[in-house]
Amino acid sequence: PSLTPVVVTGLTGVRALSASKDHTCALLVDGTVRCWGYNSSGGLGDGTTQSRRTPVAVTGLSGAVAVATGSWHSCALLGNGTVRCWGLNNRGQLGDGTLVSRTSPVAVSGLTGVSSLTALASSNCAVTGGTVRCWGLNHHGQLGDGTIVGKATPVAVVGLAGVADVSGGRYFACARLFTGTVRCWGYNSFGQLGNGSTTNRTTPVTVAGVTGAVAIAAGGDHVMARLLSGGLVAWGASGSGQIGNGITTQWSGPVPVPVP
């Protein structure tokens, strides 16, 4: 372990980065993806299950424009609007209609026109045509389809339209609408859905009092939103101070985050 930053070996031309529980993937400017870390289920995508201490190229992947990492799986959004995933697939999180884990990328079934992609622990959600489609583990309603039944191919989140982008936590997800409002669904024991309750929801609920949101980012069990005014608000778990307001109490609705 290092208490100060160290350079990732042999990695240049990085465009974007996604870090998960045990592995990390980097999107390069040439449209390829390189990953490193734990690999027992093939989450590094190099055709093996050998863990790596330095980055390896994801096999056969090109034209990527975004990358997202779940607990033991990874997905990439391609420039043509399709999504490819690899790694653990015991909950259908690869979206190919099977429960077979893969050490190299496979196409997510029936998903086109994707503009935003996020990975939850064992699920994924994607924005397409202003709507959201999710797949994988669904025991807390994190697929947003009104059920708690897992899906091995994408299903539509109920009642969502006009979505700009989506961000997933551990077992929940939130969508930012073009109107500047935010709607969330799934696990809610820490108030991470932001609607003033701690009740799980299998369909989206509106985050109370958030308007003018221009960006959202979900952590394990909390969410932060950047507002058009330049301010930040956050809600959900804060036992380790992740809300950033100096109080280690969970918040079931948005609270301002002090910005230095």
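Residues numbered from 1 in each chain as written. Predicted model: local features only at pLDDT ≥ 70, side-chain atom pairs only at ≥ 80, totals over all residues. Heavy atoms only, no water.

S.K.: Report on the state of the cysteines, specifying residues and quantitative values.
M.R.: Per the counting criterion, the structure on display carries 4 disulfides. Through a disulfide, Cys 174 is tied to Cys 184; the S-S separation comes to 2.1 Å. Disulfide Cys 174-Cys 184: torsion about the S-S bond near 105 degrees, hence right-handed. Here Cys 174, found in strand β14 (residues 172-177), pairs with Cys 184, found in strand β15 (residues 182-186); they are 10 residues apart in sequence, far enough to count as distant. Here Cys 184 falls in the buried class, since its relative accessible area comes to 0%. (Disulfide = S-S within 2.5 Å. Helix = DSSP H or I, 4+ residues; strand = E, 2+ residues; numbered from the N terminus. Buried < 20%, exposed > 50% of the residue type's maximum accessible area, 1.4 Å probe, protein only.)

S.K.: Any details on the packing of aromatic side chains? Residues and values, ideally.
M.R.: The tally for this structure, following the rule as stated, stands at 2 aromatic pairs. Ring centres of Tyr 187 and Phe 190 lie 6.4 Å apart, and the angle between their planes is 75 degrees; on these two criteria the pair is classed as edge-to-face. Taking relative accessible area as the criterion, Phe 190 reaches 28% and is therefore assigned partly exposed. Among the aromatic residues, those joined into a cluster by ring pairs are Tyr 171, Tyr 187 and Phe 190. (Phe/Tyr/Trp six-rings, centres within 6.5 Å; stacked < 30°, edge-to-face > 60°.)

S.K.: An account of the side chain of Gln 142 is needed here, citing residue identities and associated values.
M.R.: Counting through the fold element by element, Gln 142 comes out in the loop between β11 (131-136) and β12 (151-156). Note on Gln 142: relative accessible area 0%, which makes it buried. In this structure the side chain of Gln 142 is engaged in a polar contact, spanning 3.3 Å, whose partner is the side chain of His 139. Setting aside residues no more than four positions away along its own chain, Gln 142 makes contact with Leu 120, Ser 123, Cys 125, Cys 134, Leu 137, Tyr 171, Phe 172, Trp 185 and Gly 186. (Polar contact = N/O pair within 3.5 Å; in protein donor to acceptor, adjacent residues only side chain to side chain. Contact = heavy atoms within 4.5 Å.)

S.K.: Pulling in residues and values, what's your account of the pairing of strand β18 (residues 222-227)?
M.R.: Here strand β17 (residues 213-218) pairs with β18 via 5 bridges, running antiparallel. Within the sheet, the bridge partner assigned to Ala 213 lies in β18 and is Leu 227. Counted between consecutive antiparallel strands, the loop separating β17 from β18 contains 3 residues. Of the strand pairs in this sheet, β18 and strand β19 (residues 232-236) are connected by 5 bridges, and their pairing is antiparallel. (Pairing = 2+ DSSP bridges.)

Function cannot be read off these values alone, since they describe shape.
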